[in-house]
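Structural overview
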Amino acid sequence: MTPPRIRLAATIAALLAAGVWLGGIFVLGAIVAPTVFREVPMPGSADAMTHVFVSFDRLAMSAAAVVAVAEVVRMRFGDAAPNRLDVARLASATLAGLCAIVQGLWLSPAIVSLHQRGAIRGLGELGLELERVHAWSERIGKTEALLVAVFIGLLARSLSAREFQPGESAS
């Protein structure tokens with residue numbers, strides 16, 4: 001496989017991974033969580049959503065890893081030194097990945113633990129701690145979504161027309 005084809009494959013992998021990652025954040029936040037909490041009585045709704053979020057955290061961290069590897073490949077097989085756009089794209093991907101890691105390794109496990117100990121948001125000492133951790137989880141999730149969206153936009157902006165045109169560079 002020629003370097004331009006490798007770079008194109010890495011670009012496609014990065015876009016697909018980032019799309020799944022961002023789409024998952026939106027689907028969970030806009031559809032799944034509100035529906036489950038509206039339709040399923042407590043504590044079943046909280047049980048279900050903790051499982052969903054823990055599963056999604058693994059998906060998000062995996063997507064972040066795919067994006068990271070794809071970006072390394074894109075840089076390795078690029079035809080020019082990294083520019084400011086590349087640095088901004090890498091920064092957004094790195095920060096989004098860090099958000100996914102914080103969410104998956106610290107915040108979600110803390111929420112699961114508090115829920116298993118009987119915490120109800122806003123009630124009692126455990127409930128106040130759950131409220132605090134949940135608020136951080138929401139902030140990190142929104143930041144993560146914004147950063148993944150920025151990454152996708154910057155990646156799209158960085159693409160040159162020749163990467164998608166048949167001919168010498170794509171053969």
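Before going into details, it helps to say that this report is about the structure given with it. Treat the numbers as computed from the prediction; the structure is a model and nothing was measured.

**Section: the overall build of the chain**
Helices and strands together make up the secondary structure of the chain, namely four helices and zero strands. Along the chain, helices and strands appear, N-terminal first, in the series α-α-α-α. Across its three principal axes, the chain shows a C-alpha extent of roughly 65 × 30 × 20 Å. The buried share among the 171 residues of the chain stands at 35%. Put simply, 75% of the contacts in the chain that link residues at least 6 apart link residues at least 24 apart. Just so you have it, the chain exposes about 9,800 Å², and 69% of that area is on carbon and sulfur atoms. Measuring between centres, the 15 positive side-chain charges of the chain sit 6 Å from its 13 negative side-chain charges.

**Considering the packing of helix H1 (residues 3–39) against helix H2 (residues 44–76)**
The description of two packed helices rests on the angle between their axes and on the distance between the axes. Where H1 contacts H2, the axes come no closer than 8 Å and their chain directions differ by 165 degrees. Taken together, the axes of H1 and H2 are roughly antiparallel relative to one another. By crossing handedness, the relation of H1 to H2 is classed as left-handed. Along the lines of polarity and charge, the residues of the contact of H1 with H2 split into 29 nonpolar, three polar and three charged.

Rules used throughout
Residues numbered from 1 in each chain as written. Predicted model: local features only at pLDDT ≥ 70, side-chain atom pairs only at ≥ 80, totals over all residues. Heavy atoms only, no water. Helix = DSSP H or I, 4+ residues; strand = E, 2+ residues; numbered from the N terminus. Buried < 20%, exposed > 50% of the residue type's maximum accessible area, 1.4 Å probe, protein only. Contact = heavy atoms within 4.5 Å. Areas by Shrake-Rupley, 256 points an atom, 1.4 Å probe, with all protein chains shown as cover. Lys, Arg positive; Asp, Glu negative; His and termini not counted. Charge placed at Lys NZ, Arg CZ, Asp CG, Glu CD. Axes fitted to C-alpha atoms, helices over the stretch in contact; angles between N-to-C directions. Parallel < 35°, antiparallel > 145°, perpendicular 65-115°, else oblique. Left-handed = near helix turned anticlockwise from the far one by under 90°. Nonpolar A, V, L, I, M, F, W, Y, C, P; charged D, E, K, R; others polar.

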